[in-house]
Amino acid sequence: MAKQQKPATRAVRMQTPKTAQKEHSTPLFLTSSFTYDSAEDMAAAFATESPEVNIYSRFSNPGVDEFVNKMAALEGAEHGVATGTGMAAIFSTFMTFLSKGDHIISASAVFGSTHTILTKYLPKWGIESSYFDMNQPETIETLVKPATKMLYLETPSNPGLDIIDIEYVAAICKKHSIMLVVDNCFATPAVQQPIQYGADLVIHSATKFIDGQGRVLGGVIVGKKELVHQLYLFIRNTGPSMSPFNAWVLSKSLETLFIRMDRHAASALAIATKLQGHAKISRVKYPFLESHPQYAIAKKQMSNGGGIVTFELKGGVESGRKFLNALEMISMTNNLGDSRTIASHPASTTHSKLSEAERQSVGITPGLIRVSVGLEDVEDILDDLLQALDNS
Ligand SMILES: *Cc1c(COP(=O)(O)O)cnc(C)c1O
């Protein structure tokens with residue numbers, strides 16, 4: 001067998017077979033359906049219930065498959081399936097594997113809309129959830145019940161940047177036959193591959209670092225073949241599928257994922273280091289700063305610290321607003337993982353639906369600023385952050 005190419009090479013080189021035009025770059029397969037040479041071929045296609053034969057772009061599409069296959073390869077997974085958004089990936093996972101009477105254990109620090117699904121929608125179908133603090137993994141096992149089917153977490157978490165030892169959690173899940181689902185959105189497979197540490201399914205909002213340029217929405221789930229096939233059938237029949245156009249954009253994005261993540265992380269570490277000890281900041285958090293409470297775990301399971309830095313302004317909510325208003329270059333928006341540096345204030349935006357107590361419990365303090373470090377020259381990013389701090 002030929003030597004397996006390195007992940008960064010596969011991110012560039014894995015491609016849909018060339019058409020008769022012998023194009024170098026994969027074209028956009030903007031078609032809703034596919035044709036057959038005979039009634040027998042068409043009957044055979046419908047009999048497969050697999051994405052291997054193209055029928056209709058809600059079921060599969062060559063461009064979507066290219067994106068999914070690359071993501072599976074980069075995560076070290078057997079298979080994958082794409083969705084229109086990250087939330088569609090998360091919701092499809094819950095709907096496919098959880099039934100009435102089942103129980104799910106989740107980290108309390110999860111993406112705002114994920115928290116909303118767990119607390120507001122799953123109970124409507126009789127699915128109960130329990131929560132653990134990412135900083136107290138030893139409490140997880142006490143939450144396990146006979147009805148527990150799934151354990152869900154993000155590491156690093158959004159926006160608290162809490163980190164948990166995936167291998168440790170996977171061992172608990174294995175012992176109790178619980179499916180471990182990890183949202184790997186903040187790290188990307190260029191930085192961390194949860195399957196290597198025992199995760200059963202890995203989910204991404206491809207909207208973030210995977211696209212990396214703030215253009216399209218997308219989601220993807222990868223994992224063991226038999227699990228992904230169940231997800232595939234759910235998505236094929238209920239319709240939260242990825243658009244071929246977005247898949248084309250996202251597959252091109254993956255070609256630059258590794259160099260982008262290296263640059264995001266190098267700049268983020270430089271900024272985090274520089275901001276530590278600033279007179280207006282009480283605390284800086286970044287996975288690869290030695291002061292991070294789970295620094296040792298971050299070093300074990302991540303190849304760099306990723307592109308997100310958070311800090312706490314001593315002046316609380318009022319300083320947070322002043323800081324955002326003083327920014328000149330850095331964008332004020334709630335997205336992340338863009339080539340353009342973004343600053344946000346979670347307490348008044350992404351996590352505003354949570355109560356004050358819920359925000360406190362996931363580490364979202366009034367003066368918390370989240371910076372998604374972009375690809376601009378790091379000196380320009382720092383200049384803008386420092387002048388905004390002076391004026392906040
Ligand atoms: C953005 C995000 C999601 C949701 O993804 P969408 O593409 O916006 O639906 C889920 N998890 C995390 C960690 C995110 O940052």
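As the structure is a computational prediction, the values presented were derived from the model and not from experiment. (Residues numbered from 1 in each chain as written. Predicted model: local features only at pLDDT ≥ 70, side-chain atom pairs only at ≥ 80, totals over all residues. Heavy atoms only, no water.)

1. Details of the site of the ligand
- Every one of the 14 residues lining the ligand counts as a neighbour, but M87, D183, S205, T207 and K208 are closest to it.
- M87 is positioned with one of its backbone polar atoms (N or O) 2.8 Å from an oxygen atom of the ligand.
- Here T207 contributes a side-chain N or O atom positioned 2.6 Å from an oxygen atom of the ligand.
- In isolation the ligand exposes 380 Å². Once the protein is present, 92% of that is buried.
- A total of three residues in the shell around the ligand trace back to one element, the largest contributor, which is helix 4 (residues 86-97).
- Residue classes in the shell around the ligand are distributed as five nonpolar, six polar and three charged. (Near = heavy atom within 4 Å. Polar contact = N/O pair within 3.5 Å; in protein donor to acceptor, adjacent residues only side chain to side chain. Areas by Shrake-Rupley, 256 points an atom, 1.4 Å probe, with all protein chains shown as cover. Helix = DSSP H or I, 4+ residues; strand = E, 2+ residues; numbered from the N terminus. Nonpolar A, V, L, I, M, F, W, Y, C, P; charged D, E, K, R; others polar.)

2. Section: the pattern of salt bridges
- The tally for this structure, following the rule as stated, stands at 10 salt bridges.
- One salt bridge in this structure joins K300 and E167, with 2.9 Å as the shortest N-O distance. On the criterion of sequence distance, the pair formed by K300 in helix 10 (residues 295-301) and E167 in helix 6 (residues 166-175) is long-range, its members being 133 residues apart.
- In this structure, D338 and R340 form a salt bridge, with 3.1 Å as the shortest nitrogen-oxygen distance.
- Taken together, the shared-partner salt bridges connect D165, E167 and K300 into one network. (Salt bridge = Lys/Arg side-chain N within 4 Å of Asp/Glu carboxyl O.)

3. Remarks on the sheet that holds strand 11 (residues 342-344)
- Spatial strand order, 8-9-12-11-10: five strands in an open sheet with mixed pairing. Two strands lie at the open edges of the sheet, namely strand 8 (281-285) and strand 10 (331-332), each paired on one side alone.
- Bridging between strand 8 and strand 9 (residues 308-313) involves four bridges; their strand directions are antiparallel. Counted as the bridge partner of K285 is T310 from strand 9. (Pairing = 2+ DSSP bridges.)

4. With respect to the environment of Y197
- Examined against the element boundaries, Y197 turns out to sit in the loop between strand 5 (179-183) and strand 6 (201-205).
- Here the alpha-carbon distance between Y197 and V284, two residues 87 residues apart in the chain, equals 28 Å.
- Not counting chain neighbours up to four residues away, the residues in contact with Y197 comprise I166, E167, A170, K300 and Q301.
- A polar contact of 3.2 Å, which involves the side chain of Y197, links it to the backbone oxygen of K300. (Contact = heavy atoms within 4.5 Å.)

5. Some details on a nonpolar patch on the surface
- Side chains of L28, L30, F245 and W248 sit close together on the surface and give an oily, nonpolar patch of about 370 Å² of accessible area.
- When you line up the elements, L30 lands in the loop between helix 1 (7-13) and helix 2 (39-48).
- Overall, L30 belongs to the exposed group, its relative accessible area being 62%. (Patch = residues over 30% accessible without salt bridge, like charges linked within 9 Å, V, L, I, M, F, W, Y side chains within 5 Å. Buried < 20%, exposed > 50% of the residue type's maximum accessible area, 1.4 Å probe, protein only.)

6. Thoughts on the pairing of strand 12 (residues 368-372)
- By the criterion of burial, strand 12 is predominantly enclosed, with five of the five residues buried.
- When strand 9 meets strand 12, the two strands line up antiparallel, connected through five bridges. Note that in strand 12 the partner of I308 across the bridge is S372.
- Relative to strand 12, strand 11 runs antiparallel, the two being bridged by three bridges.

7. Observations concerning the packing of aromatic side chains
- One pass over the structure, following the stated rule, counts five aromatic pairs.
- Summarising the aromatic geometry, the rings of F91 and W125 are spaced 6.2 Å apart at their centres and angled 50 degrees between planes, so their arrangement reads as tilted. Taken together, the residues F91 in helix 4 and W125 in the loop between helix 5 (112-121) and strand 3 (128-132) connect sequence positions 34 residues apart.
- On the basis of relative accessible area, F91 is assigned to the partly exposed category, the value being 29%.
- You can call W125 partly exposed: its relative accessible area is 39%.
- Ring centres of F245 and W248 lie 6.1 Å apart, and the angle between their planes is 35 degrees; on these two criteria the pair is classed as tilted. Here F245 pairs with W248, and both are found in helix 8 (residues 244-254), just three residues apart, close to one helical turn. (Phe/Tyr/Trp six-rings, centres within 6.5 Å; stacked < 30°, edge-to-face > 60°.)

8. With respect to the environment of M14
- Relative to the assigned elements, M14 resides in the loop between helix 1 and helix 2.
- For the pair M14 and E52, spaced 38 residues apart in the sequence, the C-alpha separation amounts to 16 Å.
- With sequence-adjacent residues up to four places away left out, M14 is seen in contact with E66, N69, K70 and A73.

9. Some points on the domain arrangement of the protein
- Domains assigned within the protein are domain 1 (7-254) and domain 2 (257-390).
- Centre-to-centre separation of domain 1 and domain 2, based on C-alpha positions: 26 Å.
- With 41 residues of domain 1 at the contact, the number on the domain 2 side is 38 residues.
- Roughly 3,300 Å² is buried in total at the junction of domain 1 and domain 2, and carbon and sulfur atoms are behind 60% of that figure.
- Where domain 1 meets domain 2, there are three salt bridges.
- Remark: the boundary between domain 1 and domain 2 carries 21 residue pairs in polar contact (both at pLDDT 80 or more).
- Among the elements of the structure, helix 1, helix 5, helix 6 and helix 8 are those that each provide at least two residues to the side of domain 1 that touches domain 2.
- Among the elements that line the side of domain 1 that touches domain 2, the one with the most residues is helix 1, at three residues.
- Classifying every residue of the side of domain 1 that touches domain 2 by side-chain character gives 22 nonpolar, 14 polar and five charged. (Domains from an automatic or database assignment. Buried area = accessible area lost by both parts, 1.4 Å probe.)

10. Some points on the nonpolar core
- Of all hydrophobic cores here, the largest spans 113 residues; its most connected members are F67, F94, L151, L180, F311 and F323.
- Of the residues forming this core, the biggest block, eight residues, is contributed by helix 9 (residues 257-275).
- Setting aside chain neighbours within four positions, we find L151 in contact with I105, F132, I140, V169, C173, I178, M179, L180 and V181. (Core = buried A, V, L, I, M, F, W, Y, C linked by side-chain atoms within 4.5 Å.)

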